[in-house]
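Structural overview
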Amino acid sequence: MSHRKWNDRNGRPWQVKPLSRAEWEFEPLPGNDARARRARAPSWQEDPFELSNEELQRLFDRAPDPDRPRPPSPFRD
């Protein structure tokens, strides 16, 4: 299976790679200085080519951004 190339809403190029049935990776392509992100794969589809740009954008938006700090846990002592 080949990897799908896709541009996010800001025009940055990404390559979408299925790592498993449960996880996909958004890997930056040349011209995109962001870091790779991993997202939970949609349960209804195994092939990134079958998703619309809007569906890919929603998956991408839910993927944790490695450059954004996590908020502190309220359960830590």
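Right above here is the structure, for reference.
Presented here is an overview of the structure given in this document. Keep in mind that what you see is a predicted model, and the values were worked out from it rather than measured.

Glancing now at the pattern of salt bridges. Across all of its chains, the model carries 5 salt bridges by this definition. Across the salt bridge formed by E23 and R38, the nearest N and O atoms sit 3.6 Å from each other. Here the residue E23 occupies a position in strand β3 (residues 23–28), and R38 occupies one in strand β4 (residues 37–40), the gap between them amounting to 15 residues. If you follow the salt bridges from partner to partner, you end up with E23, E25 and R38 in one network.

This part is about the nonpolar core. In terms of nonpolar packing, the biggest core is built from 13 residues, with W6, W14, V16, W24, F26 and L56 touching the most fellow members. Residue assignment for this core shows that the elements contributing at least two residues are β2 (13–18), β3 and α1 (53–62). Among the elements that make up this core, the one with the highest residue count is α1 (3 residues).

The 4 strands are arranged β1-β2-β3-β4 in an open sheet whose pairing can be described as antiparallel. In this open sheet, the two edge strands, each paired with only one partner strand, are β1 (4–7) and β4. Neighbour-to-neighbour, the strand axes of this sheet turn through a mean angle of 30°, independent of strand direction. Summarising the sheet, β3 and β4 pair through 4 bridges and their orientation is antiparallel. If you follow E25 over to β4, its bridge partner there is R38. Sitting on the sheet, α1 is in contact with β1, β2, β3 and β4, with an inclination near 80° to β1.

Looking at where D8 falls in the secondary structure, it is placed in the loop between β1 and β2. Within the structure, the side chain of D8 is placed 2.9 Å from the backbone nitrogen of N10, a separation counted as a polar contact.

On to the pairing of β3, then. One ladder, built from 5 bridges, connects β2 with β3; its direction is antiparallel. Note that in β3 the partner of K17 across the bridge is E25. Between β2 and β3, which pair antiparallel one after the other, the connecting turn spans 4 residues.

This next bit is on the environment of D8. Residue D8 is classed as buried on the basis of its relative accessible area, which comes to 6%. Along the chain, D8 and R58 lie 50 residues apart, while their C-alpha atoms are 10.0 Å from each other. What D8 contacts, discounting residues up to four positions off in sequence, is W14, Q57 and F60. At 3.1 Å, the side chain of D8 and the side chain of W14 are in polar contact.

Cut-offs used in this document
Residues numbered from 1 in each chain as written. Predicted model: local features only at pLDDT ≥ 70, side-chain atom pairs only at ≥ 80, totals over all residues. Heavy atoms only, no water. Salt bridge = Lys/Arg side-chain N within 4 Å of Asp/Glu carboxyl O. Helix = DSSP H or I, 4+ residues; strand = E, 2+ residues; numbered from the N terminus. Core = buried A, V, L, I, M, F, W, Y, C linked by side-chain atoms within 4.5 Å. Buried < 20%, exposed > 50% of the residue type's maximum accessible area, 1.4 Å probe, protein only. Pairing = 2+ DSSP bridges. Axes fitted to C-alpha atoms, helices over the stretch in contact; angles between N-to-C directions. Contact = heavy atoms within 4.5 Å. Polar contact = N/O pair within 3.5 Å; in protein donor to acceptor, adjacent residues only side chain to side chain.

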